[in-house]
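# Working through the structure, step by step
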Amino acid sequence: MARMAGTAARAEALLDVGVVSTTPVAGGDICTTTRLRLTDGRGAIIKTRPQAPGGFFEREAEGLRWLREAKGAKVPQVLAVAEDCLVLDWIEPGKPTTDAAERLGRDLAATHAAGAEAFGAATDGFVGLAPLPNRSLPSWPEFFASRRVMPYVRAAVDRQALTSDEAAIIERAMRRIHELAGPAEPPARVHGDLWSGNLVWGTDGEVWLIDPAAHGGHRETDLAMLALFGAPHLQRILDAYHEAAPLAEGWHDRLPLHQLHPLLVHAVLFGGTYGGRAAAAARSLIG
């Protein structure tokens, strides 16, 4: 009860409006999430984490705002952000539907089409609690190999989540990244961590994107992440996306390439079989 009272007081100070009630929200192992009912009738959600890494919530807020500016896929409004918390509009969760999935596919294509100034972002960020290097590079293959794969290969080896033989397979794939990457595309405005847990299927019939690792990247990356861990009505999402913004030939064969990053991040954070799965994905690309 004391924690909930402290959370309510923190929200009131940031929003300059009273909190009528607080309700814990289940799910998530990185932050404590609490639903707020405000005196002005609005609903909100506050995410808190004691001793969060510097810039942790600020980077998330920047990513949400940037994605929201695209006016494509739906993104909750940022109401307040501080070093220790983030406050967003509350999205009432509902059930996944095929109509909402179809809209998500088209809307995600619009978000990607909004583009980015470069491959990367102005500042480094986070994917989960793992640091996410974002310094830009001239092409996506260079960016992907240098910022999204090799740092996590080294970290996974250090944590004994990836063997030296497995690391060598991934390194071989990265030496061939230019031939594996497919046709060159301009930087897309990508979510960067688009697994099903970061989709909120709202009672309003929309699908809302949360918890981004947003940056200028390759649009196939978001689709590969959805495919890696699965999502409700995934095929409807992919079909609608492809109808709105046709993907380059061979995109499906490139999914394992884009899945290297999330698999390696999971290897670093959780260990288990993720390192072996990353090596298997790399092996499938190079034969």
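The structure this text deals with has already been given above.
The notes below deal with the structure included here. Remember, it's a predicted structure, so these values are computed and weren't measured experimentally.

Once that is clear, we can look at helix α3 (residues 98–113). Along its 16 residues, α3 runs 23 Å from first to last C-alpha, staying within 8% of the 22 Å computed at 1.5 Å per residue. Listed in full, the buried residues belonging to α3 are A100, A101, L104, G105, D107, L108, A109, T111 and H112. In this structure, the buried residues of α3 make contact with α2 (56–69), β8 (188–190), β9 (199–201), β10 (207–209), α7 (219–229) and α8 (234–244). G115 occupies a position one or two residues after α3 and carries a positive phi of about 75°.

Direction of pairing for strand β4 (residues 78–82) relative to strand β5 (residues 85–89): antiparallel, over a ladder of 4 bridges. The residue bridging V78 from the neighbouring strand is L88, located in β5.

Turning our attention to the pattern of salt bridges. A complete count under the given rule lists 14 salt bridges for this structure. Note that E102 is salt-bridged to R106, the shortest N-O span being 3.0 Å. Here E102 pairs with R106, and both are found in helix α3, just 4 residues apart, close to one helical turn. When the shortest N-O distance is used, the salt bridge between R236 and E102 registers 3.3 Å. Of this pair, R236 sits in helix α8 while E102 sits in helix α3; the two residues are 134 residues apart in sequence, bridging distant segments of the chain. Taking the relative accessible area as the measure of exposure, R236 reaches 34% and is therefore partly exposed. Taken together, the salt bridges that share partners define one network made up of K74, R103, D107 and E206.

Below, the discussion takes up the packing of α7 against helix α9 (residues 255–270). Look at α7 against α9: their axes get within 8 Å of each other, and the N-to-C directions meet at 65°. One way to sum up the angle between α7 and α9 is to call them roughly perpendicular. Once α7 is placed against α9, the crossing between them reads as right-handed. Where α7 approaches α9, its residues E220, T221, A224, M225, A227, L228 and F229 are matched on the opposing element by L255, H258, Q259, P262, L263 and H266. Among the residues forming the contact of α7 with α9, the class breakdown is 8 nonpolar, 4 polar and 1 charged.

Let's shift gears to the packing of aromatic side chains. Under the criterion given, the structure shown has 3 aromatic pairs. Ring geometry for F56 against F57: centres 5.1 Å apart, planes inclined by 80°, an arrangement best described as edge-to-face. Neither F56 nor F57 differs from the other in exposure class; each is buried. Here F56 and F126 contribute two aromatic rings whose centre-to-centre distance is 5.4 Å and whose plane-to-plane angle is 65°, an arrangement assigned as edge-to-face. Of the two residues, F56 sits in helix α2 while F126 sits in strand β6 (residues 125–127), which places them 70 residues apart along the sequence. By relative accessible area, which is 17% here, F126 ends up buried. Chaining the aromatic ring pairs together yields one cluster made of F56, F57 and F126.

The rules we used
- Residues numbered from 1 in each chain as written.
- Predicted model: local features only at pLDDT ≥ 70, side-chain atom pairs only at ≥ 80, totals over all residues.
- Heavy atoms only, no water.
- Helix = DSSP H or I, 4+ residues; strand = E, 2+ residues; numbered from the N terminus.
- Expected span 1.5 Å × (residues − 1).
- Buried < 20%, exposed > 50% of the residue type's maximum accessible area, 1.4 Å probe, protein only.
- Contact = heavy atoms within 4.5 Å.
- Pairing = 2+ DSSP bridges.
- Salt bridge = Lys/Arg side-chain N within 4 Å of Asp/Glu carboxyl O.
- Axes fitted to C-alpha atoms, helices over the stretch in contact; angles between N-to-C directions.
- Parallel < 35°, antiparallel > 145°, perpendicular 65-115°, else oblique.
- Left-handed = near helix turned anticlockwise from the far one by under 90°.
- Nonpolar A, V, L, I, M, F, W, Y, C, P; charged D, E, K, R; others polar.
- Phe/Tyr/Trp six-rings, centres within 6.5 Å; stacked < 30°, edge-to-face > 60°.

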